[in-house]
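The chain contents come next:
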Amino acid sequence: MNVMSSFSLEGKVAVVSGGSGLYGRQIASALAQAGAITQVTSRNGDKLAEIEADFAARGVQVTARQLDQAEEPSILALRDTLLDEYGRIDILVNNAVLRTMGSWQDPLETFTKSMEVNAAGLFAMTRAFGDVMARQGGGSIINVGSIQGMVGPDAEIYRDVEFHGFVPDYFFHKGGMINFTRFTASYYGKSGVRCNCISPGGMASERTPPAFIESYSRRTFLGRMAGESDLMGSIVFLASDASAYITGVNLPVDGGYTAK
């Protein structure tokens, strides 16, 4: 196989949970640009046409699907719909996340609520779609973690802004996701299904305070936060045959933040 053709996702069916957020948009765009038949999900069924139109305005064709990751019947219904339409599912990107906590002192119910999506929902998605891939004899599962699953919060980078990074549910979820990636890679390995994780660093947007961008950027080797295309290459690599012998890996995509 030509090395460049190994990166192609032409004809592959890909599912991206939570595909309309900052990370999700570039993940779905990368898969679609590489040739995948790309599906993105949203809990809000009323926004599906709007999501598709937003991608189309960026020159990318995706199909938006309703999904409530906290409800297993919703997950199984999406799986069955895609199998009816395409006959197979080749790529799953577990990107959806529910952010319910704002501080250490929040009521316990907020922690429990986030786990319905971020833990139980993650498992249900992985099992439903991973079992399909196992029956097919192959596929790629990519979990979208975070550097906040690898290291603790650095209070210094929040010194001059009106928010903080001390949100325990998110750290719990993203840390667990990394080892769940290894478990999943082991469980499905004999069936030719790979599972890897990427752990992005902070991504700047138009709403990110300049003071935070400056302090965060000093914490990285590359001297900047992630931009609108910095996840795209790693996603295509892990989804494609270019990484055919890679599984169980956590790949930091963080400009060197966690290497210090």
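Positions within a chain are numbered from 1, following the residues in the order the chain's sequence is written. Side-chain atom pairs in this predicted model are given and counted only at pLDDT of 80 or more, local residue features only at pLDDT of at least 70, and totals for whole chains, interfaces and linings cover all residues. To get the side-chain values, all heavy atoms of the structure are used, and hydrogens and water are removed first.

## Digging into the overall build of the protein chain
Rules: Each helix is a run of DSSP H or I of at least 4 residues and each strand a run of E of at least 2, with the numbering of both proceeding from the N terminus. Each radius of gyration reported is based on C-alpha atoms, and the globular scaling rule is 2.2 Å times the count of residues to the power 0.38. Only protein chains enter the accessibility calculation, which uses a 1.4 Å probe. A residue is then buried if its area is under 20% of the maximum for its type, exposed if over 50%, and partly exposed in between.
Each helix and strand counted, the protein chain has seven helices and seven strands in total. Reading the helices (α) and strands (β) of the protein chain from amino to carboxyl end gives β-α-β-α-β-α-β-α-β-α-β-α-α-β. Taking 260 residues into account, the globule formula puts the C-alpha radius of gyration at 18 Å, and the protein chain, at 18 Å, falls close to it. On the principal axes, the C-alpha backbone points of the protein chain span a range of 50 × 45 × 40 Å. The burial tally for the protein chain puts 48% of its 260 residues in the buried class.

## Details of the pattern of salt bridges
Condition: A pair is scored as a salt bridge if a Lys or Arg side-chain nitrogen falls within 4 Å of a carboxyl oxygen belonging to Asp or Glu.
Considering all chains together, one arrives at 10 salt bridges under this definition. The partner of R58 in a salt bridge is D54, with the nearest N and O atoms 3.3 Å apart. For R58, a relative accessible area of 44% puts it in the partly exposed group. Residue D54 is classed as partly exposed on the basis of its relative accessible area of 32%. Notably, a salt bridge pairs E116 with K113, separated by 3.4 Å at the nearest N-O pair. Note that E116 and K113 are positioned in helix α4 (residues 108–136) at a spacing of three residues, about one turn of the helix.

## Comments concerning helix α2 (residues 48–57)
The following threshold applies: By definition, the arc is the one covered by directions from the helix axis to the C-beta atoms. Here, two residues are considered to be in contact whenever any of their heavy atoms come within 4.5 Å of each other.
Those residues of α2 that sit buried are L48, I51 and F55. Buried residues of α2, seen end-on, are gathered within an arc of 65 degrees and therefore sit on one face of the element. In α2, the exposed positions angled more than 90 degrees off the buried face are occupied by A49, E50 and A57. Residues of α2 that are buried sit in contact with α1 (22–33), β2 (37–42) and β3 (63–66).

## Notes on the packing of α1 against helix α7 (residues 232–239)
Quick reminder of the rule: For helices, the fitted line uses only the C-alpha atoms of the stretch in contact; every axis is such a line through C-alpha atoms, and the angle between N-to-C directions lies from 0 to 180 degrees. For classification purposes, angles smaller than 35 degrees are called roughly parallel, those larger than 145 roughly antiparallel, those between 65 and 115 roughly perpendicular, and all remaining angles oblique. It is the rotation of the near helix from the far one that decides the hand of a crossing: anticlockwise by less than a right angle makes it left-handed, clockwise makes it right-handed. As a working rule, the residues Ala, Val, Leu, Ile, Met, Phe, Trp, Tyr, Cys and Pro are called nonpolar, Asp, Glu, Lys and Arg charged, and the rest polar, with Gly in that last group.
For the pair α1 and α7, the least separation of the axes is 9 Å and the interaxial angle reads 55 degrees. When the axis of α1 is compared with that of α7, the two are oblique. Classified by chirality, the crossing of α7 by α1 is right-handed. Between α1 and α7, the contacting residues are Q26, I27, S29, A30, L31 and Q33 on the first element and M232, I235, V236 and A239 on the second. Each residue belonging to the contact of α1 with α7 can be placed in one class, and the counts come to seven nonpolar, three polar and no charged.

## What to know about the pairing of β2
Within a regular strand, side chains alternate between the sheet's two faces. Put simply, the rule is: Criterion used throughout: strands pair if DSSP finds at least two bridges between them. Whether a crossover is right-handed comes down to one check: with the strands pointing away from the viewer, does the path from the first strand over the helix to the second run clockwise; if it does, it is right-handed.
Most of β2 sits out of view: five of its six residues are buried. Summarising the sheet, strand β1 (residues 13–16) and β2 pair through four bridges and their orientation is parallel. Its bridge partner being in β2, V13 is matched across the sheet by I37. A crossover connection joins β1 to the parallel β2 through α1; in handedness this β-α-β unit is right-handed. In this structure, β2 lies alongside β3, joined through four bridges in parallel fashion. What sits directly across from T41, in β3, is R65.

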